[in-house]
Amino acid sequence: MLVRITGRRFGGRRFFFSAVARATALAVAVFFLSACTGGSTSPLVQPGDRTATGAAGTAGAAGEPTVASRVNGLQLPWSTVHLPDGTAVISERDTALLRTIKDGQLGTVGKVPGVVPGGEGGLLGLALSPNFAADRYLYAYFTAAADNRIVRMRLEERGGRLELGALEPVFTGISKAGTHNGGRIRFGPDGFLYVGTGDSQRREQPQDRAALGGKILRLTPDGRPAPGNPFGDNPVYSFGHRNVQGLAWDSVGRLWASEFGPDVNDELNLIVPGGNYGWPEVTGAPHRPDFLDAKVVWPSTAESSPSGLEIVGSTAYLGALRGQRLWVVPLNGEFAGDPVSYFTGKYGRVRNVSLAPDGRLWLLSNGQNPDFALILNLPG
């Protein structure tokens, strides 16, 4: 079963859990575990034993998305942005190509220069400038020869075709490795660029606020630390992360993030400025006063490995890589409800989830040879 956590409050830069809250949380946890295990010392029941029953996606189940269409021909697609005219622009990790889908037709814009793919690195996250209509900037996070970096390029339309302008570095020096490169970027409601990084197999970085690995960064569009960041003239917005893969905001502007656990405890986190999410000291929701607990914990990474994240109304949608499914999580303010999954095992590893201007949800598959974009109708 999934563990659902109510979390802690954050005040200034210090976390606190009152004695009453600790006692209440402990009592609830003891009751919850007792109910799950019948009072035995056996491990927590895995997600599939409870949620994945509905998760297996009974046909016609309430709230179930339905497939509208599918576009084949992609190769390890990683991120999608949607232009105002409805064109989808998709990054391919290993080819470094920017592909387009418009009116169901697959095309190619061009290859991003300087990308050095390898392992989990390559051409990763994409983001559109908040002023795209005026400046035409497309931002990209990619693995280069010596680092992970963020660049921007103008995406010009000439003669009915999209063309890439010159590449301009925005933010460089994020550590790289064969795995744990992070890569998700997204502009927030405040107009600043949020960046999910991984620990790049350097376990000392996530707890070091002077390092860039294992963080969520908050930058101006030009790549400087955003004003109002919790640690002064520092790009770090939150820390103690292992490998952030999804960023999304709810209807009142709260930031949520999906994150890979090690061999246990994948996470959906509510992000607060200056928050310490525990890695590598802890994972999941250990109820430790120095760290913020995840709102949802998947004890078995085989059920999830959550990647791209999108929030529509009061519902979070997470793509699952190892879990090969779409997780749907109801949100209620700062709390998360019981996740349910759909399409289990049907469409391969789900790398990204994004909302198109027409209200449809786009999923990107990985490992299907060829891969594809799956377009879903959401329940009304």
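Now for a look at the structure at hand. (Residues numbered from 1 in each chain as written. Predicted model: local features only at pLDDT ≥ 70, side-chain atom pairs only at ≥ 80, totals over all residues. Heavy atoms only, no water.)

## Overview of the packing of aromatic side chains
Counted by the stated rule, this structure contains 8 aromatic pairs. Look at tyrosine 139 and phenylalanine 187: their rings are 5.0 Å apart centre to centre, the planes differ by 75 degrees, and that puts the pair in the edge-to-face class. Note that tyrosine 139 is positioned in strand S10 (residues 137–143) and phenylalanine 187 in strand S14 (residues 185–187), a separation of 48 residues in sequence. Taken individually, tyrosine 139 and phenylalanine 187 each receive the classification buried, so the pair is uniform in this respect. Ring centres of tyrosine 194 and tyrosine 237 lie 5.4 Å apart, and the angle between their planes is 90 degrees; on these two criteria the pair is classed as edge-to-face. With tyrosine 194 in strand S15 (residues 193–196) and tyrosine 237 in strand S17 (residues 236–239), this residue pair connects regions lying 43 residues apart in the sequence. Look at tyrosine 194 and you get buried, because its relative accessible area is 3%. Grouping aromatic residues by their ring pairs yields a cluster made of Tyr137, Tyr139 and Phe187. In this arrangement the basic side chain of arginine 70 is found over the ring face of phenylalanine 372, its NZ or CZ atom lying 3.7 Å from the centre. A cation over an aromatic ring shows up here: arginine 242 above the ring of tryptophan 279, its NZ or CZ 5.4 Å from the ring centre. (Phe/Tyr/Trp six-rings, centres within 6.5 Å; stacked < 30°, edge-to-face > 60°. Helix = DSSP H or I, 4+ residues; strand = E, 2+ residues; numbered from the N terminus. Buried < 20%, exposed > 50% of the residue type's maximum accessible area, 1.4 Å probe, protein only. Lys NZ or Arg CZ within 6 Å of the ring centre and 35° of its normal.)

## Overview of the pairing of strand S20 (residues 264–271)
Most of S20 sits out of view: 7 of its 8 residues are buried. Sheet topology note: the strand S19 (residues 255–259)/S20 ladder contains 5 bridges and is antiparallel. Bridged to serine 258 within S20 is leucine 268. Hairpin connection, S19 to S20: the antiparallel pair is bridged by 4 residues. Here S20 runs beside strand S21 (residues 296–300); their pairing, made up of 4 bridges, is antiparallel. By the bridge assignment for S21, aspartate 266 is matched with tryptophan 298. (Pairing = 2+ DSSP bridges.)

## Some details on the sheet that holds S15
Taken in spatial order, the 4 strands line up as S14-S15-S16-S17 in an open sheet, and their pairing is antiparallel. Edge positions in the sheet fall to S14 and S17, since each has one partner strand and no second. Strand-to-strand twist of the sheet, defined as the mean angle between neighbouring strand axes without regard to direction, takes the value 20 degrees. Pairing analysis gives 4 bridges linking S15 to strand S16 (residues 215–219), with the strands arranged antiparallel. Opposite leucine 193, over in S16, you have leucine 219 as the bridge partner. (Axes fitted to C-alpha atoms, helices over the stretch in contact; angles between N-to-C directions.)

## Digging into the side chain of arginine 351
Position of arginine 351 among the secondary structure elements: in strand S27 (residues 349–355). No salt bridge forms around the buried arginine 351; measuring N to O, its nearest opposite-charge neighbour glutamate 120 is 6.8 Å away. (Lys, Arg positive; Asp, Glu negative; His and termini not counted. Salt bridge = Lys/Arg side-chain N within 4 Å of Asp/Glu carboxyl O.)

## Quick look at the pattern of salt bridges
Taken as a whole and judged by the stated rule, the model has 12 salt bridges. A salt bridge links glutamate 168 to arginine 152, with the nearest nitrogen and oxygen atoms 3.0 Å apart. Here arginine 152 lies in strand S11 (residues 148–158) and glutamate 168 lies in strand S13 (residues 168–174), a separation of 16 residues in the sequence. Salt-bridge contacts for aspartate 222 lead to arginine 152; the nearest nitrogen and oxygen are separated by 3.1 Å.

## What to know about unusual backbone geometry
Residue proline 280 is bonded to the preceding tryptophan 279 through a cis peptide linkage, with omega at 5 degrees. You will see that serine 305, though not glycine, has its phi angle at about 55 degrees, which is positive. Relative to the elements of secondary structure, serine 305 occurs in the loop between S21 and strand S22 (306–312). With a relative accessible area of 8%, serine 305 lands in the buried category. Even without glycine at this site, glutamine 324 takes up a positive phi of about 50 degrees. Mapped onto the secondary structure, glutamine 324 falls in the loop between strand S23 (315–320) and strand S24 (325–332).

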